[in-house]
Amino acid sequence: MLSGALIVVLSFAYVGMLFAIAYYGDKRADAGRSIIANPYIYTLSLAVYCTSWTFYGSVGRAATSGIGFLPIYLGPTLMAALWWYVLLKMIRISKANRITSIADFIASRYGKSHVLGGLVTIIAVLGIVPYIALQLKAISVSFSTMLQYPNAVASTASLPFLQDNTFYIAMLLAAFTILFGTRHLDATERHEGLVAAIAFESIVKLVAFIAVGVFVTYGMFDGFGDVFAKAAAVPELNALLIQGGAAGNYTTWASLTVLSMLAIILLPRQFQVAVVENVNERHLNKAIWLFPLYLFAINIFVLPIALGGLMHFPAGSVDADTFVLTLPMSEQKTWLALLAFVGGLSAATGMVIVETIALSTMVCNDLVMPILLRWKFLRLTESRDLSGLLLGIRRSAIVVVLVLGYGYFYLAGEAYALVSIGLISFTAVAQFAPAMIGGLFWKGGTRLGALCGLSAGFLVWLYSLLLPSFAKSGWLPITFLTEGIMGFDLLKPQQLFGLDGLDDISHCLFWSMIVNVGCYVGFSLWRQPTAAEHSQANLFVDVFRHVAPGSGSRFWRGSATVADLQTLLSRFIGPERANEAFAAYARSQGIPGIEQVTANAVLVHYVESQIAGAIGSASARDMVASVVVEEPLALDEVMAIIDEASQALAYSRQLEQKSRELEAATNELRGANQRLQELDRLKDDFISTVTHELRTPLTSIRAFSEILSDNPQLESEQRSKFLGIITRESERLTRLINQVLDLAKLESGAADWHPSEVDMREVLDDAVAALSQIYKERHITLDTRVPEYLPLVMADRDRITQVMLNLLSNAANFCDKENSRVSVALIAEFAVLRVEITDNGIGISAADQTVIFEKFRQVSDMSSGKPRGSGLGLAISREIIQHFGGRLWVESTPGTGAKFSFTLPLPRNNANFLAA
Amino acid sequence: MSATPSRVLIVEDEESILLSLEFLLGKEGYTVNTARDGALALRELQTQPPDLVLLDVMLPLIDGFELCRLIRENPELHATRIMLLTARGREAEIARGMALGADAYLTKPFSTRDLMDKVRGLLSGNGTRQPAS
Amino acid sequence: MIGPTLKGQRLVALFLLGCLLFNFPLLALFAGNARIWGIPLIYFYIFAAWIAIIALMALIIERKDR
């Protein structure tokens, strides 16, 4: 038996130490040198999950159900693997929207709904306050155990509370929470000192538990093997080991795993430490494996302690829940027992502190403030500075929560309703899961769905779990359990609709989740989400796609003045902090000073999120709306804004496409313009060339005419020579004029065509006859190769003759001077008739082979002076051949002559045109 | 008429025009040389610097403008007068020729009397840079 | 940082593996009388699987991907 004074002093000294640590943490934070800004402190603060229920209760549970205590820790381990997706998203969303509690989170997600926030708060308070009571009970039991051992433990709850140390501890915790939880109102609502203290507590409870475990396993026994071997010798214990105990029911195992998976992210205290108090989301990385490691470490010795206790104490003489304390004491290890006591105290106080602050934030922001702000007669909306009132409400809420917790503990005492509250609490917060997790990943969830799901799940929980626990405690007639309500068998709360064979937790989890998820999904799909719901859904679900702060302002449109907004903010967080907030805003926007800040959607959103930290998102929206003339956004407008983002990409692609098309069009235009300019230039060139070609013969004609007229005494020989020149040049002039006109007609399509069946042999004969004189004069040998049978072609005989003449005279002009030879061949091919005219002249260079078909482009022949002809012959010939669907081209190797060929298409049915 | 007859070089690729010019100038008593393209003209210019060059603009190999520029660049030919003969009659072409240092121009077809008046004027030394008539 | 990263997918796979390891059919497999170093098989199995999963988490998180 220990001195009561020592234990009391130790307890209060320990809590005093927490004050010191928290004070130091806050000082450091104010100085900008945070001691909690690292992943290890973050992990330790997450370990607030392990309460006295873990510290004392795990051993108790292991003593009755073997491995049955483990799912509570395996679930969070598995969930930690999903934190990367789930918790990170919650952190990001909460930081972007200044969300400070789970109630605020759900309310904000579904269009900043007061009703939803209030409902979540009520469920949380109902589910968690008894849990706080359980912690106080654990403290109380540990007190009396320490004081009264080895006598049977009598509950201190029977004492008047003023003589109960637990009451003073509770009040001390209230003071601590008020001091470090509500030092000031701050948009971030982070409490560094408090987190430092919680992390310290996590170390204490781990060290204490492991110390006891090591003592039991290696001090009292000879290691793990020995503990298990000795236990195996006891038949009742062996059964516990082999079958996995009485709770070796796999359904229970699975539902506890699921329950604890949900609890680790949905318990208000977990939300507080994991999300609200998170300094840097990167700390989550390490916590993903460090936190499960913590859970693993604190559970290693649970079984040895449980088994050791069961073997050490006569059956039933000592409550298994107190083994952690009683085993060291029975071995006279007083200091170890004191360490274990402090460990248990730390586990309980840590939970109480964090849970209280989380609940008080919810109560203040989502229950009290919305109501107060609605009561017009309080004129709160006109009040100058609400920060004092807000702090008052927070502090009152803390006291109220703790008093409620103590009251419940005081009244319930040993009742079943308190003992079993751990899992009942878990099941209560599990009701948040559909609205919460659905809201994170499904845009379709609506306020109505969340409201209906939560309410239905909550009612099922109330009916099938909480009320039965009351009945078991004797507060309700037990017939409620055995016969159901008003004797309806199907409504027996723990065998709803006759569902039997499940333990009460699995049973409740099953039914509550069925109705919760069912209503959430069903009513969400009932009708279109409103604009507010839709915009919030997008902000939450797509949080990783939205760029950091201010992104919420996309869904807002309205007007306000900077002064109004600043006044509003200072009313909630005080003028000094409001000023700081505005300065921070100015900095973030790259504005030199507060004076230059302009009221826009971003600023309004910023102010709203700052206020949201203090009074919750739903109320913050109302407050901001009171100074801002907001133009309501219709749903289709919100949809349009959302679409905008997704369309932006498509737009940019389209734009790119358009600009490419434009570029192509520009290029085309430029090309067309160039062609036009080229054509214009060609036309100028043509006219200029025609002018030149006309003036040249005219010059000779005029010059010789004047010479003849001025020199009548010229010799007759010279006279006739000059007259010959005049005649020749006149002919040239005439020919040229005819050809120009001819070409113009051909090119404009105005030429007259007289198509008929043409026998190319006759055309060739005509042309040869016309040129025979020239060929004879120049001693040119002409070979003709004509097949016996030649198909007729459809053409204009005169025109084709013109082409033949042109090509034959060209050949005569260009063929070799010495051994002149020109050959003509008519060849009938499959679909065309081909004519080849070959000379043995100097040939045409590759570059000139295309040029010669252009107008006035003649290949200069230096050795023989300027070539004869107008330079239009080949152009005209090509026009004619092309008109009849043929082709005219030249092949030549310079130095060996040139071969001009043209084709004319043969009619489909050759037979009809075969000439005899 | 001076003791030593003036030398005239006719550069013209059109046979009949060359023939007419040769006749007209020869009848007047000038010593006439001919060239049918720019390259031949250049050779004639180097061997026997003429007092006057009658220069067709559209010439094979080296055109009249280029020849005009070459003559003006050559200090030995500073006294040589140049008369351009153009068949195109474009203002821009005439301006270009005059800018390159031609002393006179004539548009084809021309009056033989105009031609001879200009030739005489250029060779007597007071007909330089006549304005267009 | 988020998205269907390899790291995230590995963690999800690990979660599924854990769900499998800590559930009915596999657990029943180890619920026998056998002992390892004097420790009942079921306890040994759960704690071994547990620490293995934690080790894998640490590996996934701490490994520097390129």
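Observations concerning the overall build of chain A
Move 1: From N to C terminus, chain A includes 35 helices and 9 strands.
Move 2: The 916 residues of chain A split such that 55% are buried.
Move 3: Sequence separation of at least 24 residues holds for 80% of the intrachain contacts in chain A that already meet a minimum separation of 6.

Quick look at the packing of aromatic side chains
Residues and elements named next belong to chain A.
Move 1: In total, this model carries 33 aromatic pairs over all chains according to the counting rule given.
Move 2: Aromatic side chains Y131 and F426 sit 6.4 Å apart centroid to centroid with 70° between the ring planes, which places their arrangement in the edge-to-face category. With Y131 in helix α7 (residues 114–148) and F426 in helix α20 (residues 421–430), this residue pair connects regions lying 295 residues apart in the sequence. This pair shows no difference in class: Y131 is buried, exactly as F426 is.
Move 3: In this structure, R878 packs its charged tip against the face of F853, placed 4.0 Å from the ring centre.
Move 4: Over the ring of W889 we find R887; its NZ or CZ atom is 4.1 Å from the centre of that ring.

Focus: the environment of G8 of chain C
Move 1: Within the secondary structure layout, G8 of chain C lies in helix α1 (residues 6–21).
Move 2: A C-alpha to C-alpha distance of 9.3 Å links G8 of chain C and I61 of chain C, two positions 53 residues apart in sequence.
Move 3: If we skip the residues at most four places from it in the chain, G8 of chain C touches W84 and Y85 of chain A.

Considerations on the interface of chain B and chain A
When the parts come together, some accessible area is lost, and that loss is often what is quoted as the size of the interface.
Move 1: Taken together, the contact pairs 23 residues of chain B with 25 residues of chain A.
Move 2: Both sides together, the interface formed by chain B and chain A hides about 2200 Å², and carbon and sulfur atoms give 59% of it.
Move 3: Contact with chain A buries surface across chain B, with E14, F23 and P109 of chain B losing the most and accounting together for 24% of the total.
Move 4: If you look at where chain B meets chain A, you find 2 salt bridges.
Move 5: The salt bridge involving R113 of chain B is made with D710 of chain A; its shortest N-O contact spans 2.9 Å.
Move 6: If you list the elements that add at least two residues to the side of chain B that touches chain A, you get α1 (15–28) and α5 (112–123) of chain B.

Quick look at the sheet that holds strand β8 (residues 887–892) of chain A
All names here are of chain A.
Move 1: The mixed open sheet is built from 5 strands, whose spatial order is β4-β6-β7-β9-β8. Either end of the sheet is taken by a strand with one partner, and the two such strands are β4 (781–785) and β8. Averaged over all neighbouring strand pairs, the angle between strand axes comes to 15°, with direction disregarded.
Move 2: Bridging between β4 and strand β6 (residues 821–828) involves 5 bridges; their strand directions are parallel.

Topic: the interface of chain C and chain A
Move 1: Each partner contributes to the interface: chain C provides 38 residues, whereas chain A provides 39 residues.
Move 2: Buried area between chain C and chain A, summed over both chains or domains, comes out near 3600 Å², and the portion from carbon and sulfur atoms is 79%.
Move 3: There are 1 salt bridge connecting chain C and chain A.
Move 4: Note that E62 of chain C and K286 of chain A form a salt bridge whose closest N and O atoms lie 3.3 Å from each other.
Move 5: The interface formed by chain C and chain A includes 4 residue pairs in polar contact (both at pLDDT 80 or more).
Move 6: Going through the elements one at a time, α1, α2 (24–30), β2 (39–40) and α3 (41–62) of chain C are the ones with two or more residues in the side of chain C that touches chain A.
Move 7: Here the side of chain C that touches chain A takes 12 residues from α3 of chain C, the largest share from any one element.

Scoring rules and cut-offs
- Residues numbered from 1 in each chain as written.
- Chains lettered and ligands numbered in written order.
- Predicted model: local features only at pLDDT ≥ 70, side-chain atom pairs only at ≥ 80, totals over all residues.
- Heavy atoms only, no water.
- Helix = DSSP H or I, 4+ residues; strand = E, 2+ residues; numbered from the N terminus.
- Buried < 20%, exposed > 50% of the residue type's maximum accessible area, 1.4 Å probe, protein only.
- Contact = heavy atoms within 4.5 Å.
- Phe/Tyr/Trp six-rings, centres within 6.5 Å; stacked < 30°, edge-to-face > 60°.
- Lys NZ or Arg CZ within 6 Å of the ring centre and 35° of its normal.
- Buried area = accessible area lost by both parts, 1.4 Å probe.
- Salt bridge = Lys/Arg side-chain N within 4 Å of Asp/Glu carboxyl O.
- Pairing = 2+ DSSP bridges.
- Axes fitted to C-alpha atoms, helices over the stretch in contact; angles between N-to-C directions.
- Polar contact = N/O pair within 3.5 Å; in protein donor to acceptor, adjacent residues only side chain to side chain.

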